[in-house]
There are 4 protein chains.
Amino acid sequence: MKLNGIIAYPITPFKADSQEVDFDALSITLNTLLEHDCDAIAPLGSAGESAYLSWEEWQKVAEKSIEIVNHRVPVILGISELTTNMAIQKAKKAEELGADVIMVLPISYWKLTDQEIYDYYQEIAAATKLPIMVYNNPATSGVDLSPELIVRMFQDIENISMVKDSTGDIQRMHKFHELTQGQLPFYNGCNPLALEAFCAGASGWCTVAPNLLGKLPRQLYQATNAGDLAQAQKLFYKQLPLLRFIVQGGLPKTVKAGLNELGFSVGAPRKPLQSASPSEIHQLKSLLKFATTA
Amino acid sequence: MKLNGIIAYPITPFKADSQEVDFDALSITLNTLLEHDCDAIAPLGSAGESAYLSWEEWQKVAEKSIEIVNHRVPVILGISELTTNMAIQKAKKAEELGADVIMVLPISYWKLTDQEIYDYYQEIAAATKLPIMVYNNPATSGVDLSPELIVRMFQDIENISMVKDSTGDIQRMHKFHELTQGQLPFYNGCNPLALEAFCAGASGWCTVAPNLLGKLPRQLYQATNAGDLAQAQKLFYKQLPLLRFIVQGGLPKTVKAGLNELGFSVGAPRKPLQSASPSEIHQLKSLLKFATTA
Amino acid sequence: MKLNGIIAYPITPFKADSQEVDFDALSITLNTLLEHDCDAIAPLGSAGESAYLSWEEWQKVAEKSIEIVNHRVPVILGISELTTNMAIQKAKKAEELGADVIMVLPISYWKLTDQEIYDYYQEIAAATKLPIMVYNNPATSGVDLSPELIVRMFQDIENISMVKDSTGDIQRMHKFHELTQGQLPFYNGCNPLALEAFCAGASGWCTVAPNLLGKLPRQLYQATNAGDLAQAQKLFYKQLPLLRFIVQGGLPKTVKAGLNELGFSVGAPRKPLQSASPSEIHQLKSLLKFATTA
Amino acid sequence: MKLNGIIAYPITPFKADSQEVDFDALSITLNTLLEHDCDAIAPLGSAGESAYLSWEEWQKVAEKSIEIVNHRVPVILGISELTTNMAIQKAKKAEELGADVIMVLPISYWKLTDQEIYDYYQEIAAATKLPIMVYNNPATSGVDLSPELIVRMFQDIENISMVKDSTGDIQRMHKFHELTQGQLPFYNGCNPLALEAFCAGASGWCTVAPNLLGKLPRQLYQATNAGDLAQAQKLFYKQLPLLRFIVQGGLPKTVKAGLNELGFSVGAPRKPLQSASPSEIHQLKSLLKFATTA
């Protein structure tokens, strides 16, 4: 499995009235992402409000998403859970449903030691044959995985095979490269770092951006690939204000607001999360226009 | 309802073999806490591994704990949940089961705005008649409630009637006092701040310490109450190394290790949390001895 | 030398027109501090704009201050300097001029290692017979001294005999007490922590507050000494808004503004520092009134 | 004045015995830097221990450096000072001595407000005709200049014409680009960010690296300029371990150690700064070898 380029993160649409998952809207938004030439699809990540879904909902969204993508590109399924047992249960279900990769974020309530994190990953890895993308995002999970720990797991545990880092700290990526002589594929999960992560050697960009920006993220990837830095800068600086806005506002709220503006009916995020305010929507529209105007 | 003094936090015991809740051990540990003259009991808090329990387990522990305490002191029940809907469900169940107060911590995955936090509390408050203790603990919940927001909720929402702050920042307590001219009862949830919080006017100390230290926490409360600062310092500095140790090591792990050492069989914390290591247990024993030797 | 209670920090007055040191105003403000029953006087500290004075100015202010105090209380002279050689020069001059104690803050441009800090203090200590107050204030100096390092210097170096901590972190004070079994006298340099530092066993409060609040700081000290916590809280909460204001606004600016309001002509701080704005002065006046009204 | 590429920072050599400035060594090290095709020379910066020199020493080093460079490339002179008056004095002297640009870092003891920073720069700018490079390095200066403030000064004050940012935060550079539509030339002062800063559009890299790595920094610049990202990555990852090491160890100590190893006799940094330890020197040698081996 060699993943490169744009790994697109769908949101999980809810019906406006009942807050139930809207599978029709899920189908439409997933198919639209695929039309934007994304290189992989990653359902049930942070942006997919995975943490806010019941176990039943999670299974249905996973099953339906894999069915919709239908092998057109690889599916990377988010299986983050607080307890080891529940994470194992999700990992097994992901494999049973036909996911290609699982993405694992060690959510914490109590801070975890390195040994607790290591054993968490090892037990999940032992329960599945699927390749695992280690996901580090201390801002949402409350636990920070050092590059040294991640590299140790990559070297020790067979199906741990890539890492997504969302800290926005480019020095982490340098460390992944150095500690493994370039052997550990790393992916950038911090949108405003997209340009520099590619320049530092990232294999891909894990992002919701194609939901709102279509093929622009992929064009940035292609420009850096071609060594056309002037074009890459131009493409990046066009997208950057929107990328920063969606990160600062929280992805479920801002991406759903943007999709609703674009004519998709994807509902609101689940409470306590709230919808974007009128002034946020106003700002979002102007940033969308800035990004997509030549 | 006027709560003062020591609010004791039980752990949730698990059976060694099955990791199921051990209700016999729960009964023994709760009764022991009551023998130490605690002024209230707060089941299903952070130390009670509430976040790691299933909905069924949570209900059974709540029911059984209230039954065991049997009105000897007030019961403050932790109902923290990620989604508003689930938190409301727990609040209603707490009232139905006969809790005296509910303690509410806004756990987050995505960061919450002040408005999202406010509405979260307001919806919970509207669903119950029970008094609410706002609980701020950004280290575990990932969201920090400003004193200004807490005071606004205290002033606007009828059954929000007290606050527990675990940041360890004494300036927060000053703010509670100043912004309400001393009207908002505040409780300290940071063990190594116990002495100074009482000196600054805290109504109580929310703590697991009585599990391991018996009546020592209450003696500290009494000494500050009596204005005997020399005695208060003496009592505090005896307990402090242990208090710091249990905070740094994580409460479920260290308090369970201590109870097991003291002859209670309370099992291990739930994975990914792990039991204390032999060297941690060794250190714990020496700190227990330091605290309890004259 | 046993210092207890209120250690008052004078500002360094400048003439309004020439920005030269105003020695008449220095004499008046120092004498006024002494009338407020301060237990020691500490010229040329942070509040005294020591860092902004030339070597010639520093010597004259030191000489004149010692002369004005004239043995009524001990004089603690600030000798902070970037280079070791210049700090030694100041230490020798302090001794020659008749200071009772020198206060030493290791200002840094490049971060210092523990060994560099240790040797800095050791070389200064070797150059003088005066007792040394180690001063830790990372917010102004850029370098943070750990309690462990401070205690090691206290134990190893003969004339290092006390510590002033301005971090506002009460846990540092706990550490001083624990690591030396109460042998290291510690002083609090964070004004909004005044109440709790005394409760934790601080020997004194290093503060500019008597410049603006007269005997109120000393009354707080006396109330905690007497174990009258209700009175101590009352006195503290009266002063706290002003204490917080002067810390947040920067001491030279706010204290000079207050003294000018009280009828002392002490001029402006030295550029790039600026005088308080009209709205800051307005706020300061209302906080002064709040603090000094019964 | 259009500066692009590698702006090299010399150290200030001291004699081994007397700690006096060694002008012969200064001449040798400056000439060596010029042989490495640097695009500009910046004496008396952080690495040049400017903060540790007397006013007399500063003038002599400035004069001598300008004389040695002798118009072969532009000279950017660091004039950082705590007080506005002293900074103005240095700015005038820099112009008188024939510097091409002055670099200004607002060192602080008391934190500065935006207005205080603005006025500090404006007064210096009014005292000289030289172009000014605003320098932001909160880790050494203790004050952080927001991109918004820097851009405002660039737009308002005529001879403020470029900015060097050493925070290592690539998002600052994005802001410079966005807020001025690419009009404000920005330079990177954080060595481990060299690759990405060029990719984001930095005009140059302000660095001590050529002292130890010769033409390698310039080759990195050329590779990114040519859009050869594979070659740029290769060149960057070779240099990175050394770049990280010199930043973490403090530039004066590590660069002087490296130059001494390379056969230049540049002495030790000025106390309280200390020379590199034997184990640091050992590590440095192995990193030098790693960087310079094909």
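Higher on the page you've got the structure.
For the structure given in this document, a descriptive report is provided here. Within every chain, residues take consecutive numbers counted from 1 along the sequence as written. Labels follow written order: the first chain is A, the first ligand is 1, and so on. With the structure being a predicted model, the display of local features is reserved for residues of pLDDT at least 70 and the display and counting of side-chain atom pairs for 80 or more, all residues being used for whole-chain, interface and lining totals. Hydrogens and water are ignored here; the side-chain numbers use all heavy atoms of the structure.

1. A closer look at the relation of the copies chain A and chain B
Inference 1: With an axial shift of 0.0 Å and an RMSD of 0.0 Å, the rotation relating chain A to chain B amounts to 180°. Given the turn and translation reported, the copies of this chain are related as if by a two-fold rotation axis. For chain A, the smallest separation between a C-alpha atom and the rotation axis is recorded for G142 of chain A, amounting to 3.3 Å.
Inference 2: Same-surface contact between copies: 100% of interface residues of chain A are shared with the interface of chain B. Copy-to-copy superposition: least squares on the C-alpha atoms, limited to residues that have pLDDT of at least 70 in both copies. Pairs of residues are marked as contacts when any of their non-hydrogen atoms sit within 4.5 Å.

2. A look at the packing of aromatic side chains
Inference 1: Under the pairing criterion, centres of Phe, Tyr and Trp rings, with the six-membered ring standing for Trp, must be within 6.5 Å; the plane angle then separates stacked pairs below 30 degrees from edge-to-face pairs above 60, leaving the rest tilted. By the definition in use, this model includes 24 aromatic pairs over all chains.
Inference 2: Working rule: Lys NZ or Arg CZ, within 6 Å of ring centre, within 35 degrees of ring normal, means a charge sits over the ring. In this structure, K164 of chain A packs its charged tip against the face of Y135 of chain A, placed 3.9 Å from the ring centre.

3. Some remarks on the pattern of salt bridges
Inference 1: The salt bridge definition used is simple: a Lys or Arg side-chain nitrogen within 4 Å of an Asp or Glu carboxyl oxygen. Taken as a whole and judged by the stated rule, the model has 52 salt bridges over all chains.
Inference 2: Where K90 of chain A meets E81 of chain A, a salt bridge forms, and the shortest distance between an N and an O atom there is 2.8 Å. Neither K90 of chain A nor E81 of chain A differs from the other in exposure class; each is buried.
Inference 3: Linking K93 of chain C and E96 of chain C is a salt bridge whose minimum nitrogen-to-oxygen distance equals 3.2 Å. Of the two residues, K93 of chain C and E96 of chain C both sit in helix α3 (residues 84–97), three residues apart, roughly one turn of that helix.
Inference 4: Accessibility here uses a 1.4 Å probe with only protein chains present; expressed as a share of the type maximum, an area under 20% marks a residue as buried, one over 50% as exposed, and anything in between as partly exposed. K93 of chain C gets classed as buried once you look at its relative accessible area, which sits at 18%. A helix here means a DSSP run of H or I that spans at least four residues, while a strand means a run of E at least two residues long, and both kinds are numbered starting from the N terminus.

4. A look at the packing of helix α11 (residues 229–249) of chain B against helix α7 (residues 170–179) of chain C
Inference 1: Orientation is described by axes fitted as lines to C-alpha atoms, over the contacting stretch for helices, and by angles from 0 to 180 degrees between their N-to-C directions. Direction vectors running N to C along α11 of chain B and α7 of chain C enclose 115°, while the axes themselves pass 11 Å from each other. Put simply, α11 of chain B runs roughly perpendicular to α7 of chain C. Read as a crossing pair, α11 of chain B and α7 of chain C show a hand that is left-handed. Contacts between α11 of chain B and α7 of chain C involve F236, Y237, L240, P241 and R244 of chain B from the first element and Q171, M173, H174, K175, H177 and E178 of chain C from the second.
Inference 2: Under this grouping Gly is polar, as are all residues other than the nonpolar Ala, Val, Leu, Ile, Met, Phe, Trp, Tyr, Cys and Pro and the charged Asp, Glu, Lys and Arg. By residue class, the composition of the contact of α11 of chain B with α7 of chain C is five nonpolar, three polar and three charged. Note that the term roughly parallel is reserved for angles under 35 degrees, roughly antiparallel for angles over 145, roughly perpendicular for angles of 65 to 115, and oblique for everything else. Note on convention: near helix rotated counterclockwise from far helix by under a right angle means a left-handed crossing. Clockwise means right-handed.

5. A word on the interface of chain A and chain D
Quoted interface sizes are often the accessible area lost when the parts come together.
Inference 1: In this assembly, 24 residues from chain A lie in contact with 24 residues from chain D.
Inference 2: Of the roughly 2000 Å² buried between chain A and chain D, counting both surfaces, carbon and sulfur atoms make up 55%.
Inference 3: Our count for the contact surface shared by chain A and chain D stands at two salt bridges.
Inference 4: Its salt-bridge partner being E178 of chain D, residue R244 of chain A comes within 2.4 Å of it at the nearest N-O pair.
Inference 5: Contacts described as polar in this section are N or O atom pairs within 3.5 Å, which, within protein, must combine one atom able to donate a hydrogen with one able to accept it, while residues neighboring in sequence count only if both atoms come from side chains. Applying the counting criterion to the chain A and chain D interface returns 10 residue pairs in polar contact (both at pLDDT 80 or more).
Inference 6: Taken together, the residues that form the side of chain A that touches chain D break down as 13 nonpolar, seven polar and four charged. Accessible-area loss on putting two parts together, using a 1.4 Å probe and summing over both, is the definition of buried area adopted here.

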